[in-house]
Amino acid sequence: MTEKQYSAKEAMIFSQRIAQLSKALWKSIEKDWQQWIKPYDLNINEHHILWIAYHLNGASISDVAKFGVMHVSTAFNFSKKLEERGLLKFSKKENDKRNTYIQLTPEGENILLQLMETYDPNAYSAFTGALPLRELYGKFPDIIEMMAIIRNIYGQDFMEIFERSFHNLESRFVEEDGKLKKSEEKEQELA
């Protein structure tokens, strides 16, 4: 066993610093997120499930739970509510009867796309809080250290899905008049 390279005091300071900063940041993000999705009668878990279903295209409930950082029963129960609203459909695969899979319905995709179009960056405290850094450095913070911590906690596959969703945004959406819209041209290229 190797000798630890940190003191208990150093560990406590780091742990409490990240806990308190994360809580403060989450509180701000949660408030802004709820305001964004409120007109669509969604809660954060439901929106996150729609987001995951869109980017994973045929995700299992286990995948939704893992990548949504929620309990399997939470993923299932909120997915069920979305199914009842006609936004998701459930299925089983012939070769995998144990897992339940979800897929966005056209109505579910439509709501998700509408949400993306109504996104207003200036309504987000985390975004506006980062603007001075962008002005100073010419880019938004990379948050690479935070990503490394998350990778060490949740694993590489979590980070691959995380990155895939942002790659999908980058490659499948265009900005028109300050609004994000799905690029039909890009979708046809990918088909």
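In this report, the structure presented in the accompanying data block is examined. Computed from a predicted model, the values in this text were never measured in an experiment.

The rules behind each value
- Residues numbered from 1 in each chain as written.
- Predicted model: local features only at pLDDT ≥ 70, side-chain atom pairs only at ≥ 80, totals over all residues.
- Heavy atoms only, no water.
- Helix = DSSP H or I, 4+ residues; strand = E, 2+ residues; numbered from the N terminus.
- Expected span 1.5 Å × (residues − 1).
- Buried < 20%, exposed > 50% of the residue type's maximum accessible area, 1.4 Å probe, protein only.
- Contact = heavy atoms within 4.5 Å.
- Phe/Tyr/Trp six-rings, centres within 6.5 Å; stacked < 30°, edge-to-face > 60°.
- Core = buried A, V, L, I, M, F, W, Y, C linked by side-chain atoms within 4.5 Å.
- Axes fitted to C-alpha atoms, helices over the stretch in contact; angles between N-to-C directions.
- Parallel < 35°, antiparallel > 145°, perpendicular 65-115°, else oblique.
- Nonpolar A, V, L, I, M, F, W, Y, C, P; charged D, E, K, R; others polar.
- Pairing = 2+ DSSP bridges.
- Patch = residues over 30% accessible without salt bridge, like charges linked within 9 Å, V, L, I, M, F, W, Y side chains within 5 Å.
- Areas by Shrake-Rupley, 256 points an atom, 1.4 Å probe, with all protein chains shown as cover.
- Salt bridge = Lys/Arg side-chain N within 4 Å of Asp/Glu carboxyl O.

### Quick word on helix α8 (residues 156–172)
(1) Moving on: Between the first and last C-alpha of α8 there are 24 Å, a value that for 17 residues agrees with the 24 Å anticipated at 1.5 Å per step.
(2) Moving on: Within α8 the residues assigned to the buried category are Phe158, Met159, Ile161, Ser165, Asn168 and Leu169.
(3) Moving on: Those residues of α8 that are buried are in contact with α2 (44–56), α3 (61–67), α5 (106–118), α7 (144–154) and β4 (173–176).

### Digging into the packing of aromatic side chains
The description of an aromatic ring pair uses the distance of the two centres, along with the angle that the planes make with each other.
(1) Moving on: For the structure shown, the criterion picks out 10 aromatic pairs.
(2) Moving on: Judged by centre distance (6.2 Å) and plane angle (55 degrees), the ring pair of Tyr54 and Phe173 falls under tilted. Here Tyr54, found in helix α2, pairs with Phe173, found in strand β4; they are 119 residues apart in sequence, far enough to count as distant.
(3) Moving on: Ring plane angle 80 degrees and centroid distance 5.7 Å describe the contact between Phe76 and Phe90, whose orientation is recorded as edge-to-face.

### What about the nonpolar core?
Across soluble globular proteins, you tend to see nonpolar side chains buried next to one another.
(1) Moving on: Grouped together as the largest cluster of nonpolar side chains are 39 residues, with contacts concentrated most on Leu42, Ile49, Leu50, Leu88 and Ile102.
(2) Moving on: Sorting the residues of this core by element identifies α1 (8–37), α2, α3, α4 (72–84), β2 (88–93), β3 (96–104), α5 and α8 as the ones contributing at least two each.
(3) Moving on: Apart from residues no more than four positions distant in its own chain, Ile102 is found in contact with Ile49, Ala53, Gly58, Ala59, Ile61, Val64, Ser79, Leu88, Lys89 and Phe90.

### Section: the side chain of Ser79
(1) Moving on: Residue position: Ser79 is located in helix α4.
(2) Moving on: Apart from residues no more than four positions distant in its own chain, Ser79 is found in contact with Ile49, Ile61, Leu88, Phe90 and Ile102.

### Side note on the side chain of Glu46
(1) Moving on: As for its position among the elements, Glu46 is in helix α2.
(2) Moving on: Setting aside its immediate chain neighbours within four residues, Glu46 contacts Asp41, Phe78, Lys81, Leu82 and Arg85.

### With respect to the packing of α2 against α4
When two helices pack together, their arrangement is given by the angle between the helix axes and the distance between those axes.
(1) Moving on: Contact geometry for α2 and α4: axes closest at 9 Å, N-to-C directions at 85 degrees. Looking at the two axes, α2 sits roughly perpendicular to α4. Contacts from Asn45, Glu46, Ile49 and Leu50 in α2 reach Thr74, Ala75, Phe78, Ser79, Lys81 and Leu82 in α4.
(2) Moving on: Considered class by class, the residues forming the contact of α2 with α4 number five nonpolar, three polar and two charged.

### Some details on the sheet that holds β2
(1) Moving on: A sheet is described by the order of its strands in space; here three strands give the open sequence β1-β3-β2, paired in antiparallel fashion. Strands with a single pairing partner mark the edges of an open sheet, and in this sheet they are β1 (59–60) and β2.
(2) Moving on: In this fold α2 packs onto β1, β2 and β3, with an angle of close to 100 degrees to the strand it touches most, β3.

### Comments concerning the environment of Ile102
(1) Moving on: Locating Ile102 in the fold gives a position in strand β3.
(2) Moving on: Note on Ile102: relative accessible area 0%, which makes it buried.

### Overview of unusual backbone geometry
(1) Moving on: Of note in this structure, Asp41 is not a glycine but carries a positive phi near 55 degrees.
(2) Moving on: Relative to the helices and strands, Asp41 resides in the loop between α1 and α2.
(3) Moving on: Backbone geometry places Val69, a non-glycine residue, at a positive phi of 50 degrees.

### Notes on a nonpolar patch on the surface
(1) Moving on: On the surface, a cluster of nonpolar side chains totalling about 290 Å² of accessible area is made up of Val69, Ile153 and Tyr154.
(2) Moving on: Counting through the fold element by element, Ile153 comes out in helix α7.
(3) Moving on: Given a relative accessible area of 55%, Ile153 falls into the exposed group.

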